[in-house]
Amino acid sequence: MTVKVEVIEGGVPHNKILIAGVLCTLVCLYLSYLNVLTNTEMFSFFGGLAAVAALIWGSHTIKVLCSYGIGTGVPSAGMIAFGSGVIAMLLATKFGVAAPIVALVLAAIIGLILGYLANEVLNMKIPAMIQALTELAVVGAFTLMGLAVLITGSFTFAGLTTGSVTLFGALSMPSYQISFIGGGLTAVAFLLGAIAIQHPFNACLGPGWKQDRMLMLTAECGFLSMIVAAIMSFALVSTGSAIISLLIALIGWVYTYCEYIRLSKRDAYAWLDSKPIPEVEGH
């Protein structure tokens, strides 16, 4: 038996956040394809924005799932999101321009299977489990793909596995080690996304939980991860492209950080006049 702890009164319905998350992420990922059309890497920052949009959606999915009294399952939810998402993302990169759509479909199938196993085989019997794990798998795939675009400028398999090294200042040779996958950057992106999706709900959990404050913290964590990924991108994309990504990440982080502090002060002030917890007689 599970007990739902519902504290989402007055907020944006989850289904609206879901739809907005999917659309915003897909739009940003496909805007990054302008790199191919213009033969530049200047639009790589759209990958970072896609990751931020996916993380905002994913953190609210964790909130919905953990409303059923499984707050200690937040880290597990984040890990399964990216553990299943990385499988879908890597398989989808083989489909070229269709990769984001394929990642969505593959991740949804994987998440659906995991949700069914969790509820029916492990017998967790949580009403939101199947939908939540399906969503989280897609969020993981989209976030990893977005960070991969930010770092490499591409979401295709060739773009993630092939780099180049310059010899004697002129001769350029292909190198699989200087790439997103060959250089082990997949693991770094995994952790950047997993930490960003887990932290907001844990940090905002409590009787004073507010939806807008949690989602703003998610955006702040997403831009913080984007800053790290943008710094890493200096090794794989042009300096100008990396600087653009870094500047956008810094601007986004400063704005969301200031907004989060403002919302935190708002909610702290609202609790100033609360009465102390009454003591039970005899204790």
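**Student:** Just to check I follow, could you spell out the side chain of threonine 161 for this structure?
**Tutor:** Along the chain, the position of threonine 161 falls in helix 7 (residues 157-161). Residue threonine 161 is classed as buried on the basis of its relative accessible area, which comes to 14%. Only 2.8 Å separates the side chain of threonine 161 from the backbone oxygen of phenylalanine 157, close enough to count as a polar contact.

**Student:** Help me understand the packing of aromatic side chains, please; the structure alone is not making it clear to me.
**Tutor:** How two aromatic rings sit relative to each other is given by the distance of their centres and the angle of their planes. Following the criterion strictly, the structure yields six aromatic pairs and no others. Through pairs of rings, three or more aromatic residues link up here, namely Tyr30, Tyr33 and Phe155. For lysine 63, the ring lying beneath its charged end belongs to tryptophan 209, and the centroid distance is 5.0 Å. The lysine or arginine in question, lysine 94, covers the ring of phenylalanine 157, its NZ or CZ lying 4.5 Å from the ring centre.

**Student:** Looking at this model, I keep getting lost on the side chain of asparagine 35. Mind explaining?
**Tutor:** Looking at where asparagine 35 falls in the secondary structure, it is placed in helix 2 (residues 34-38). The exposure class of asparagine 35 is buried, given its relative accessible area of 4%. Of the polar contacts made by the side chain of asparagine 35, one reaches the backbone nitrogen of methionine 42; its length is 3.3 Å. Discounting residues that sit within four places of it in the chain, asparagine 35 has contacts with Thr40, Glu41, Met42, Phe43, Ser44 and Gly153.

**Student:** Which parts of the structure should I look at to understand helix 9 (residues 211-232)?
**Tutor:** With 22 residues, helix 9 should cover 32 Å at 1.5 Å per step; its first-to-last C-alpha distance of 32 Å lies within 8% of that length. With 18 of 22 residues buried, helix 9 is to be regarded as a mostly interior element.

**Student:** Help me understand the pattern of salt bridges, please; the structure alone is not making it clear to me.
**Tutor:** For side chains bearing opposite charge, pairing can occur when the charged atoms are close. Summed over the entire model, instances satisfying the criterion amount to five salt bridges. The salt bridge partner of arginine 266 is aspartate 212, with a shortest N-O separation of 2.8 Å. In this pair, arginine 266 sits in helix 10 (residues 239-270) while aspartate 212 sits in helix 9, placing the two residues 54 residues apart along the sequence. Given the relative accessible area of 33%, arginine 266 is considered partly exposed. On the basis of relative accessibility, which here comes to 35%, the residue aspartate 212 falls in the partly exposed class.

**Student:** Explain the nonpolar core here, please?
**Tutor:** The nonpolar side chains of a soluble globular protein tend to be buried, and buried together. Residues Trp57, Phe82, Met145 and Phe180 are the most contacted members of the largest nonpolar core, which totals 77 residues. Among the secondary structure elements, those contributing two or more residues to this core are helix 1 (14-31), helix 3 (45-66), helix 4 (74-92), helix 5 (99-121), helix 6 (129-152), helix 8 (185-204), helix 9 and helix 10. Looking at this core, the element that brings in the most residues is helix 6, giving 16 residues. Among all residues touching methionine 145, those that are not within four sequence positions of it are Leu29, Met89, Ala92, Ala99, Pro100, Ala103 and Phe155.

**Student:** Hey, could you run me through the environment of leucine 55 in this one?
**Tutor:** If you trace the backbone, leucine 55 turns up in helix 3. Each C-alpha atom of the pair leucine 55 and glycine 193 lies 7.5 Å from the other, and the pair is 138 residues apart in sequence. Apart from the residues lying within four places of it in its own chain, the contact partners of leucine 55 are Phe82, Thr143, Gly193, Ala196, Ile197, Thr218 and Gly222.

**Student:** Would you mind showing me how to read a nonpolar patch on the surface here?
**Tutor:** Nonpolar side chains collect at one region of the surface, where Ile101, Val105, Ile109, Ile113, Tyr116, Leu117, Val121, Leu122 and Met124 lie side by side and expose about 840 Å² of accessible area between them. Note that leucine 122 resides in the loop between helix 5 and helix 6.

**Student:** Help me understand unusual backbone geometry, please; the structure alone is not making it clear to me.
**Tutor:** A negative phi angle is the norm for most residues apart from glycine, just as the trans form is the norm for most peptide bonds. With a phi close to 55°, asparagine 39 is a non-glycine residue in the positive phi region. Structurally, asparagine 39 can be placed in the loop between helix 2 and helix 3.

**Student:** What exactly am I supposed to notice about the packing of helix 6 against helix 8 here?
**Tutor:** Helix packing for two helices is described by the angle between their axes and how far apart those axes are. Where helix 6 contacts helix 8, the axes come no closer than 10 Å and their chain directions differ by 125°. Taken as axis vectors, helix 6 and helix 8 run oblique relative to one another. Crossing angle aside, the handedness with which helix 6 passes helix 8 is right-handed. Across the interface between the two elements, Leu136, Val139, Thr143, Leu144, Leu147 and Ile151 of helix 6 pack against Leu185, Thr186, Ala189, Phe190, Leu192, Gly193 and Ile197 of helix 8. Looking at the contact of helix 6 with helix 8 residue by residue, the classes come out as 10 nonpolar, three polar and no charged.

Parameters at a glance
Residues numbered from 1 in each chain as written. Predicted model: local features only at pLDDT ≥ 70, side-chain atom pairs only at ≥ 80, totals over all residues. Heavy atoms only, no water. Helix = DSSP H or I, 4+ residues; strand = E, 2+ residues; numbered from the N terminus. Buried < 20%, exposed > 50% of the residue type's maximum accessible area, 1.4 Å probe, protein only. Polar contact = N/O pair within 3.5 Å; in protein donor to acceptor, adjacent residues only side chain to side chain. Phe/Tyr/Trp six-rings, centres within 6.5 Å; stacked < 30°, edge-to-face > 60°. Lys NZ or Arg CZ within 6 Å of the ring centre and 35° of its normal. Contact = heavy atoms within 4.5 Å. Expected span 1.5 Å × (residues − 1). Salt bridge = Lys/Arg side-chain N within 4 Å of Asp/Glu carboxyl O. Core = buried A, V, L, I, M, F, W, Y, C linked by side-chain atoms within 4.5 Å. Patch = residues over 30% accessible without salt bridge, like charges linked within 9 Å, V, L, I, M, F, W, Y side chains within 5 Å. Areas by Shrake-Rupley, 256 points an atom, 1.4 Å probe, with all protein chains shown as cover. Axes fitted to C-alpha atoms, helices over the stretch in contact; angles between N-to-C directions. Parallel < 35°, antiparallel > 145°, perpendicular 65-115°, else oblique. Left-handed = near helix turned anticlockwise from the far one by under 90°. Nonpolar A, V, L, I, M, F, W, Y, C, P; charged D, E, K, R; others polar.

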